[in-house]
Amino acid sequence: MVLKVNDQGIIETGNWCSITPVRGVEKLAVGKTPEQVPKIASRVCGICPIAHNLAATEAMEASIKCEIPKDAKALRNILQLANRLHSIALHDILILPDLYIPGTETKINPFTAEEPVRTVAKRIQRLREIGQTIGQIAGGDCIHPRNTRIGGMYRNCSEQAKTKMYDLAKEGLVLAKAQMDFMIAVLRNYQARESVDVGGMKVPLPKTLGYHNQGYMATHAFYGSSSLDECPTWDINRFKEVRPWDWYMGEMEVSLEEPRYPVGGTTKIGTKVNPQMEACTGIPMYDGQPVEVGPRARLATYKNYDEKGTVGQNIAREMEYTDSLYEMIDQIDALDTCGKVVADFIPDGDGSLGWATNEAPRGCDAHIARVKDWKVQYFSMLVPTTWNFATCSAALTGAPWQLAEVIMRGYDPCVSCATHMIVLDEDNKVVAQKLIQ
Amino acid sequence: MMQSEIVIVGCGNPLFGDDGFGPAVIEEMEKLILPDNVTIQDGGAGAPHFIFNFLDPEVTKKLVVVDISDFNAKPGSISKISGDTLKPGAYIDPHSWDGVDQLCRISAKIDTTVVMCQPAKAIKKGDADVEIGLSEDVKNAIPKAIQVILETIGVDYGTTINLQKEGSQRGAAETCGHQER
């Protein structure tokens, strides 16, 4: 992440890029069978394999024009929502250290054994367990699901397993409501502060933290869409990708250090960086502009949610806690455990272009595929964080540089490679670089 | 409950050559009939984020982690170490969890063993060369690794008989409460 700041340390330009090696995987997929590619896709990321597995599977099905049985769709929906439940809980752990225990100046350490945080941490862990257990039942495995297949699912679940999922979802609903209320309370407490502490520095908190005007893109409140749908909610013709060279700044040099910045201070003076050259993903655009994807995009599109900024984004994510469980209970209710879960006929593919979007916890995960004679000819993944890179970059403008990571965490970024944060002064010299990983 | 008394997790990413050893071992172990108190899990690339939810110190007595490690041996060599001997890493943030750090914390409460295989070439963090498939030496080490794992958890699956020294490991399964096969 490269930031150009003014004399007051306020960000004028944000540049957040990734060096995630996604393109290599897409080339690797060419020539493989459609069954192999979702397995490969689920390994590009350690945090959201379920979303990539489902999106890749459905992109293949879209290309070969294979409709799956309704009970297979129900199982995939349950798996999807279980993944979302687990992921929101994981994100709570990510952002809690930024927030304060209300009425105190103590920041929340989610790993402390002290109350009241301990109770919250246990609730988060239980929600994660519930999400993973339901995901394991529906998807065959809670990390890299192995029950999904081209044409549906390998097997339906038993009536006993359905009851187990239902019981867990009901338990999760009570916990999720309590967790949502807690998180919204501490987020509102943070929002009301005049300043916050970052590594011992008192940093003014702008009321417009994380604001941007880039617009939202969401394809479904819970699941996604595909080119097989009667009324698809994503249009591949409105998407285009530009080169990072056209978007990011060129070579810079760090000219200031801030040793108090957690954890371990910023990067040493003199370090050279070049986001223009280091970025290895394109900049995806929808209707010619970067867009925000994720919980707020879904709530804005399907519920008219309208709170801007980082706090609004985090609150939208918390509101998806109970939404995902109510929908999950409906999907479990609808599941016929005696129903077939594999399509009667699975075509080999005629080379048609197909796409599928999956509304992953972090946002729209769009996969595009072309399959002919049971071989993949083309495969592309537009993952949520790739969509959000340029939007988050815009959202950084106007914030103190010390709060750049707070804004970034609002997007729940999933970047599997190292990301660097750099601060520039008025002469475009880099004044700080933070190694996030 | 998801938690079992014995948890075996294979870590690594099959997209990066020999790093896929852990998941490959788990794939082979899925063909075995194991006692009900044993859970095997393909932790894949996300093990540090996900796998600790499978562990409850009140239920889980034994954890076996299967991974590759560069310990200057011949490619395909298998070794195992106790979790007590691991050195903690640095906590950065919840999206950059270092699994070793957490293993150190948990090994005080759960008997932890790491079964390691020497890869054909050392893989460093940040390597981006995508290459599917294990090297021949590492692929051939899978049966040996499974033998070591079964010996570690005290399951006599036939293949482990010759490995077990007199009086060793058979009691381990009893202390973990599983029924001897």
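Think of each chain on its own: its residues are numbered from 1, step by step along the sequence as written. Lettering of chains starts at A and numbering of ligands starts at 1, both following the order in which they are written. Residue-level local features of this predicted model are given only where pLDDT is at least 70; pairs of side-chain atoms are given and counted only at 80 or more, and the full residue set underlies all totals for whole chains, interfaces and linings.

Chain B is annotated in an unreviewed UniProt entry as Hydrogenase maturation protease from Methanoregula boonei.

Chain A has the name Coenzyme F420 hydrogenase subunit alpha in an unreviewed UniProt entry, where Methanoregula boonei is given as its organism.

Draft legend 1. Structural detail: the sheet that holds strand 12 (residues 350-360) of chain A. Residues and elements named next belong to chain A. A pair of strands counts as paired when DSSP detects no fewer than two bridges linking them. In DSSP terms, a helix is any run of H or I states spanning at least four residues, a strand is any run of E spanning at least two, and both are numbered starting from the N terminus. The strand order across the open sheet formed by 4 strands is 7-12-13-14, and the pairing between neighbours is antiparallel. With one partner strand each, in any of the chains shown, strand 7 (224-226) and strand 14 (375-382) form the two edges of the open sheet. Strand-to-strand, the axes of this sheet are offset by a mean angle of 15°, without reference to chain direction. Pairing geometry for strand 12 and strand 13 (residues 363-372), over 9 bridges, is antiparallel. Paired with Leu-353 across the two strands is Arg-370, which belongs to strand 13. Working definition of a contact: two residues with C-beta atoms, positioned from the backbone, lying within 7 Å. Under this scheme, a helix contributes an axis fitted over its contacting stretch, all axes are lines through C-alpha atoms, and angles between N-to-C directions fall in the 0 to 180 degree range. In this fold helix 3 (residues 49-64) packs onto strand 7, strand 12, strand 13 and strand 14, with an angle of close to 150° to the strand it touches most, strand 12. Docked against the sheet, helix 10 (residues 384-395) engages strand 12, strand 13 and strand 14, running at close to 130° with respect to strand 13.

Draft legend 2. The sheet that holds strand 1 (residues 6-11) of chain B, seen in detail. Residues and elements named next belong to chain B. Taken in spatial order, the 5 strands of this open sheet run 2-1-3-5-4, and their pairing is mixed. Each edge of the open sheet carries a strand with a single partner, namely strand 2 (38-44) and strand 4 (78-82). In this sheet, adjacent strand axes meet at a mean angle of 20° when their direction is disregarded. Pairing of strand 1 with strand 2 involves 6 bridges; the strand directions are parallel. Of the residues in strand 2, the one forming a bridge with Gly-10 is Asp-42. Along the sheet, helix 5 (residues 142-153) contacts strand 1, strand 2, strand 3 (62-68), strand 4 and strand 5 (111-117); its crossing angle with strand 3, the most-contacted strand, is approximately 165°.

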